[in-house]
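Commentary on secondary and tertiary structure
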Amino acid sequence: MKDLKYLAAFSIPLMACIGLYYKGVFSFLVPVYAFVLLPILELVFPLDTKNLEKEDVENKLKNKLFDWLLYLNVPIVFSLLYFTLRLVSTTVLENYEVIGFTISIGIVLAINGINVAHELGHRQSTNERFLGKALLLPSLYMHFYIEHNFGHHLHAATPEDPATARYNQSVYSFWLTSVYRQYFKSWKIQKTLLKNNNKSFFSIKNDMLWYSLFQIAYLTIVYLYFGTTGLVFALVAGIIGFILLETVNYIEHYGLLRLKTKSGRYERVREIHSWNSNHIIGRLVLYELTRHSDHHYKSSKKYQVLDCHEESPQMPYGYPTSMLISLCPPLWFKIMNKRVPREMISS
């Protein structure tokens, strides 16, 4: 029964379903649940720093339940997106209801879409990677797969990494620099991959070109079936989705910097180069994304067996709370700057 604890991740789309059914003020149920109730619960529940025993790790890796809990997000995300698009394009709603539903679906696209896509994108199976890329489609962030796997994990905690926030950089500045730099870096990585394989820009192996076509096709289909209202809804919800992703990127690596060795190269990525959070609510809802230090230390590890390392820098609050605090830069700097190791500060 303990393995079913990750069903908590489906509480986000469940709140979205309740909001769609009751409408009115319930259209804001998801943001209230995610950024009011969950932070309160994280303050109530104790931290969980326990790691699995070797035998438990082996058992959990053999248990396919953990994989199916990820796969199930695909039909849930796309079904919610479809029904919400149909609702906002065919039903007379108040403006505040449309805003509430847009924010709600944006949160679903981030948590049950991009977050799950991130986990599946690290898998070796082609089918799992395909599902991961599909989950990135509604957020218009399919290039994340290339930049994250071939860029971020190589350059994390260095100035070369767009997804590593500098010391004293506000989250608002980071949104602009990270979104812009990651997109163009994805194209640069793609061109390098094509060149290394003696492929031309218009090769069938140009994934970035395919991603662009898929996303244009997605928006075109939305417009044809749901009109201008549906198109605007899809665009804004997608933007909210990837802005939430970038907010998570911000808190995961804020201010940390890998040192250079005598050879001039950066030291290898260790468990001290990402912020860790052991707040149990965030761990469950986000499929252990909060144990980010271990994820970067060993990126091939599946979410259900990630460890906590004592030497990892610890976040004072869980992810939902930290994301809220980051929106107030002076407060964020006051809380976090003193926690950044002096020798690792990125400027």
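Residues numbered from 1 in each chain as written. Predicted model: local features only at pLDDT ≥ 70, side-chain atom pairs only at ≥ 80, totals over all residues. Heavy atoms only, no water.

**What about the UniProt feature "transmembrane region" (unreviewed entry) in the protein chain?**
With numbering matched to this structure, UniProt assigns "transmembrane region" (unreviewed entry) to residues 28–47, 68–86, 98–117, 208–226 and 232–251. As a span, residues 98–117 carries 100% helix and 0% strand, and end to end its C-alpha atoms are 26 Å apart. (UniProt positions renumbered as here; feature names shortened; annotations may be inferred. Helix = DSSP H or I, 4+ residues; strand = E, 2+ residues; numbered from the N terminus.)

**Topic: helix H9 (residues 171–196)**
In a regular helix each residue adds 1.5 Å, so 26 residues correspond to 38 Å; H9 covers 36 Å between its end C-alpha atoms and thus fits that length. Among all positions of H9, only Val171, Phe174, Trp175, Ser178, Gln182, Lys185, Ser186, Trp187, Ile189, Gln190 and Leu194 are buried. Those residues of H9 that are buried lie in contact with helix H8 (144–155), helix H10 (207–253) and helix H13 (319–326). At the C-terminal side of H9, asparagine 198 shows a positive phi close to 55°. (Expected span 1.5 Å × (residues − 1). Buried < 20%, exposed > 50% of the residue type's maximum accessible area, 1.4 Å probe, protein only. Contact = heavy atoms within 4.5 Å.)

**Details of helix H5 (residues 73–90)**
Under the 1.5 Å per step criterion, the end-to-end length of H5 is 26 Å for 18 residues, consistent within 8% with the ideal 26 Å. Buried within H5 we find Asn73, Val74, Val77, Leu80, Leu81, Thr84, Leu85, Leu87 and Val88. The secondary structure elements touched by the buried residues of H5 are helix H1 (11–22), helix H4 (65–71), helix H6 (95–121), helix H7 (126–136) and H10.

**Remarks on the nonpolar core**
Among the nonpolar cores identified, the biggest contains 89 residues, and Ile12, Ile107, Tyr218, Tyr250, Tyr254, Tyr287 and Trp332 are the most heavily contacted of them. With 16 residues, the single largest contributor to this core is H10. Once residues within four sequence positions are removed from consideration, tyrosine 287 is found in contact with Tyr6, Ala9, Phe10, Leu69, Leu70, Asn73, Asn115, Val116 and Tyr303. (Core = buried A, V, L, I, M, F, W, Y, C linked by side-chain atoms within 4.5 Å.)

**Remarks on a negative patch on the surface**
A contiguous patch of negative charge on the surface is contributed by Glu53, Glu55, Asp56 and Glu58. Looking at the secondary structure, you find glutamate 58 in helix H3 (residues 54–62). (Patch = residues over 30% accessible without salt bridge, like charges linked within 9 Å, V, L, I, M, F, W, Y side chains within 5 Å. Areas by Shrake-Rupley, 256 points an atom, 1.4 Å probe, with all protein chains shown as cover. Salt bridge = Lys/Arg side-chain N within 4 Å of Asp/Glu carboxyl O. Lys, Arg positive; Asp, Glu negative; His and termini not counted. Charge placed at Lys NZ, Arg CZ, Asp CG, Glu CD.)

**Notes on the packing of H8 against H10**
Relative orientation of the contacting elements H8 and H10 amounts to 25°, with a least axis distance of 11 Å. In terms of orientation, H8 lies roughly parallel with respect to H10. Contacts from Phe144, Tyr145, Ile146 and His152 of H8 reach H10 at Asp207, Met208, Tyr211, Leu245 and His253. Considering only residue class, the contact of H8 with H10 consists of six nonpolar, two polar and one charged. (Axes fitted to C-alpha atoms, helices over the stretch in contact; angles between N-to-C directions. Parallel < 35°, antiparallel > 145°, perpendicular 65-115°, else oblique. Nonpolar A, V, L, I, M, F, W, Y, C, P; charged D, E, K, R; others polar.)

**Quick word on a nonpolar patch on the surface**
Residues Tyr21, Tyr22, Val25, Phe26 and Tyr96 make up a contiguous nonpolar surface patch of about 610 Å² in total accessible area. With respect to the helices and strands, tyrosine 22 occurs in helix H1. Judged by its relative accessible area of 53%, tyrosine 22 falls in the exposed class.

**A word on the packing of aromatic side chains**
Each aromatic ring pair is described using two quantities: the centre-to-centre distance and the angle formed by the ring planes. Under the definition given, this model contains 24 aromatic pairs. Judged by centre distance (5.1 Å) and plane angle (85°), the rings of tyrosine 172 and tryptophan 175 are edge-to-face. Remark: tryptophan 175 and tyrosine 172 occur in helix H9; sequence separation between them is three residues, near one turn of the helix. The class of tyrosine 172 is partly exposed, set by a relative accessible area of 37%. Three or more aromatic residues joined by ring pairs form one cluster here, namely Tyr167, Phe174, Tyr250, Tyr254, Trp332 and Phe333. (Phe/Tyr/Trp six-rings, centres within 6.5 Å; stacked < 30°, edge-to-face > 60°.)

**Side note on the UniProt feature "domain: Fatty acid desaturase" (unreviewed entry) in the protein chain**
The UniProt record annotates "domain: Fatty acid desaturase" (unreviewed entry) at residues 101–306. Its end C-alpha atoms 34 Å apart, residues 101–306 is made of 63% helix and 0% strand.

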